[in-house]
Amino acid sequence: MSVQEDGVLPLVLEDLTESLKQKARVELGETEEAVRNGLKELKALIKEKQVPICTDDDFLIMFLRSKKFNVKKGFEQLKNYSYQRHILMNYYGFIFTDKVMPALHHNICGILPKRDQEGRAIIYFLPNKFTPDICEADDVLRALQVLAHFVLKFPATQVSGLALISDAKVESLQTVQLVFRYVKSLLPSVQALPARFQSINIMNTNVFARTGFAILRHLIPSKLIGRITFHESNDKALLAHFDASLLPTEFGGTMGPLSKVSEHYFNELKEFIPPFRASSQYFKRKDTIPFPDG
């Protein structure tokens, strides 16, 4: 996809535009020299500390951009990421297309086809749409991991960051169980992800959702706390943060129903899943849970 006439960037964007290159220079301190020296220093630390990790340049630069080319901070995050991939091998090592896609087809989670006004990829998570008839709760969590890593493979996401839209509406005990499983299993590992979470919008909040947040806020990185915005049940609330043309009807936008707009990236995602699952080999340790290589 190419840049739209209105300047809005598509989700699938293989290269940085000139404006994003400028943004990377100004906000992240990214220059050819910073990239060259940063990768060299990072690889030296990986070799010295013997960290199980992929050492491809395209992978390592995510951690440099995440920490604004502070190599020491980037290396600490990379170590944490390597450890999380190890202890969460039951999620990463068992990600299969036929298990993950139902959560996406039913819009329990997904990605919007256009980036926001700042170039951020927009991920949504609607746990109230989950039922065990669709898939297992763990497969929803696996789908969320796939989505996060899929959008992070694009340099535009590494530079501009992510925007998250979630729904706090609770319609069943199954919703509560899924959210609890997410909080217990994946939320503590969010700091290891080389992502710049710039905006988090939570819809349909009420006193129960706010109470739950107050209880769980110690698990959330302090930097993210100030980027969370709670919205009441007003279906137009998100328009204060996103242009209507970027959002589906369910979010108050004009893009069309979510069931249609969410299908744009499915082919690319299906191609991404097998190599992503296979990448678990980089993080194997002696006590790592076995997982299929195929």
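The numbering scheme is per chain: residues are counted from 1 as the chain's sequence reads. Residues qualify for local features only when their pLDDT is at least 70, as the model is predicted, and side-chain atom pairs are given and counted only at 80 or more; totals for whole chains, interfaces and linings, by contrast, use all residues. Side-chain metrics rest on all non-hydrogen atoms present in the structure, leaving aside hydrogens and water.

Caption draft 1: Inspection of the packing of helix α6 (residues 97-105) against helix α7 (residues 137-152) at higher detail. Lines are fitted to the C-alpha atoms to define the axes, a helix being fitted only along its stretch in contact, and any angle between axes, read from their N-to-C directions, falls within 0 to 180 degrees. The way it works is that DSSP assigns letters per residue, a run of H or I at least four long becomes a helix, a run of E at least two long becomes a strand, and they are numbered from the N terminus. Contact geometry for α6 and α7: axes closest at 8 Å, N-to-C directions at 85°. In terms of their interaxial angle, α6 and α7 are classed as roughly perpendicular. Taking contact as the criterion, the partners of Lys-99, Val-100, Ala-103 and Leu-104 in α6 are, on α7, Asp-139, Val-140, Arg-142, Ala-143 and Leu-147. The classification used treats Ala, Val, Leu, Ile, Met, Phe, Trp, Tyr, Cys and Pro as nonpolar, Asp, Glu, Lys and Arg as charged, and all other residues, Gly among them, as polar. Taken together, the residues of the contact of α6 with α7 sort by class into 6 nonpolar, no polar and 3 charged. Every angle not falling under 35 degrees, over 145, or within 65 to 115 is termed oblique; those three ranges are roughly parallel, roughly antiparallel and roughly perpendicular. Note on contacts: a residue pair qualifies if any of its non-hydrogen atoms lie within 4.5 Å across the two residues.

Caption draft 2: Representation of the pattern of salt bridges. Here a salt bridge means any side-chain nitrogen of Lys or Arg lying within 4 Å of a carboxyl oxygen belonging to Asp or Glu. Tallying each qualifying case throughout the model produces 9 salt bridges. Residue Lys-21 pairs with Glu-18 through a salt bridge whose shortest N-O separation is 3.4 Å. You can see Lys-21 and its partner Glu-18 sitting in helix α1 (residues 18-28), 3 residues apart, about one turn around the helix. Put simply, Lys-49 and Glu-48 hold a salt bridge, and the shortest N to O gap is 3.8 Å. We call a residue buried when its accessible area falls under 20% of the maximum for its residue type, exposed when it is over 50%, and partly exposed in between, using a 1.4 Å probe and counting protein chains only. What makes Glu-48 exposed here is its relative accessible area of 55%.

Caption draft 3: View of unusual backbone geometry. In the Ramachandran plot, Lys-68 falls in the positive-phi region, its phi being about 50° despite a non-glycine side chain. In this fold, Lys-68 is placed in the loop between α3 (57-66) and α4 (71-87). At Asn-107, a position not held by glycine, the phi torsion is positive, near 60°. Inspection of the secondary structure puts Asn-107 in the loop between α6 and β1 (109-111). On the basis of relative accessible area, Asn-107 is assigned to the buried category, the value being 7%.

Caption draft 4: Region of the structure containing the nonpolar core. Core analysis: the biggest nonpolar cluster contains 83 residues, and Phe-59, Leu-104, Phe-150, Tyr-265 and Leu-269 have the highest contact counts within it. With near-sequence residues (within four places) excluded, Phe-150 lies in contact with Leu-11, Ile-111, Tyr-265, Glu-268, Leu-269 and Phe-272. Buried Ala, Val, Leu, Ile, Met, Phe, Trp, Tyr and Cys residues form a nonpolar core when they are joined through side-chain atoms within 4.5 Å.

Caption draft 5: Expanded view of the side chain of Arg-196. Inspection of the secondary structure puts Arg-196 in the loop between α9 (173-185) and β4 (197-203). Counting of polar contacts relies on pairs of N or O atoms within 3.5 Å, with two restrictions inside protein: one atom must be capable of donating a hydrogen and the other of accepting it, and residues adjacent in sequence are counted only when both atoms are side-chain atoms. One polar contact links the side chain of Arg-196 to the main-chain carbonyl oxygen of Val-159, over a distance of 2.4 Å. Contact partners of Arg-196, with chain neighbours within four places excluded, come to Glu-27, Leu-28, Arg-65, Ser-66, Lys-68, Gln-158, Val-159, Ser-160, Gly-161 and Leu-162.

Caption draft 6: Representation of the sheet that holds strand β3 (residues 162-167) within the structure. Within the open sheet, the 5 strands sit side by side as β1-β2-β3-β4-β5. Their pairing is mixed. Either end of the sheet is taken by a strand with one partner, and the two such strands are β1 and β5 (228-230). Along the sheet, successive strands turn relative to each other by an average axial angle of 15°, direction set aside. Any two strands with at least two DSSP bridges between them are considered paired. In this structure, β1 lies alongside strand β2 (residues 121-125), joined through 3 bridges in antiparallel fashion. Bridge pairing in β2 links Cys-109 to Phe-125.

Caption draft 7: Representation of the pairing of β2 in the model. The element β2 is largely enclosed, with a buried count of 5 among its 5 residues. Both β2 and β3 contribute to a ladder of 5 bridges, which runs parallel. Looking at the pairing, Ile-123 lines up with Leu-164 of β3.

Caption draft 8: Spatial organisation of the environment of Pro-194. Mapped onto the elements of the fold, Pro-194 is located in the loop between α9 and β4. Between the C-alpha atoms of Pro-194 and Ile-273, which are 79 residues apart in sequence, the distance is 19 Å. In this structure Pro-194 touches Met-62, Phe-63, Ser-66, Gln-77, Tyr-81 and Leu-152, once residues within four positions along its chain are discounted.

Caption draft 9: Structural view of a nonpolar patch on the surface. Like-charged residues are merged into a patch within 9 Å and nonpolar side chains (Val, Leu, Ile, Met, Phe, Trp, Tyr) within 5 Å, provided each residue has over 30% relative accessible area and no salt bridge. We get accessible surface area from the Shrake-Rupley algorithm with a probe of 1.4 Å; when it comes to residues, only the shown protein chains can shield them. Nonpolar side chains collect at one region of the surface, where Val-170, Leu-173 and Val-176 lie side by side and expose about 280 Å² of accessible area between them. Structurally, Val-170 is set in the loop between β3 and α9.

Caption draft 10: Local environment of the packing of aromatic side chains. Working definition: rings of Phe, Tyr and Trp (its six-membered ring) pair if their centres are within 6.5 Å, and the pair is stacked with planes under 30 degrees apart, edge-to-face with planes over 60 apart, and tilted otherwise. By the definition in use, this model includes 13 aromatic pairs. Ring geometry for Phe-59 and Tyr-81: centres 5.9 Å apart, planes at 55°, overall tilted. Placement of the pair is Phe-59 in helix α3 and Tyr-81 in helix α4, with a sequence separation of 22 residues. For Phe-59, a relative accessible area of 15% corresponds to the buried category. Owing to a relative accessible area of 3%, Tyr-81 belongs among the buried residues under this scheme. Put simply, the rings of Tyr-92, Phe-150, Phe-154, Tyr-265, Phe-266, Phe-272 and Phe-276 touch in pairs and so form one group of aromatic residues. Placement of a positive charge over a ring is assigned whenever Lys NZ or Arg CZ falls within 6 Å of the ring centre and within 35 degrees of the normal to the ring plane. Just above the ring of Tyr-92 sits the side chain of Arg-85; from NZ or CZ to the centre is 4.2 Å.

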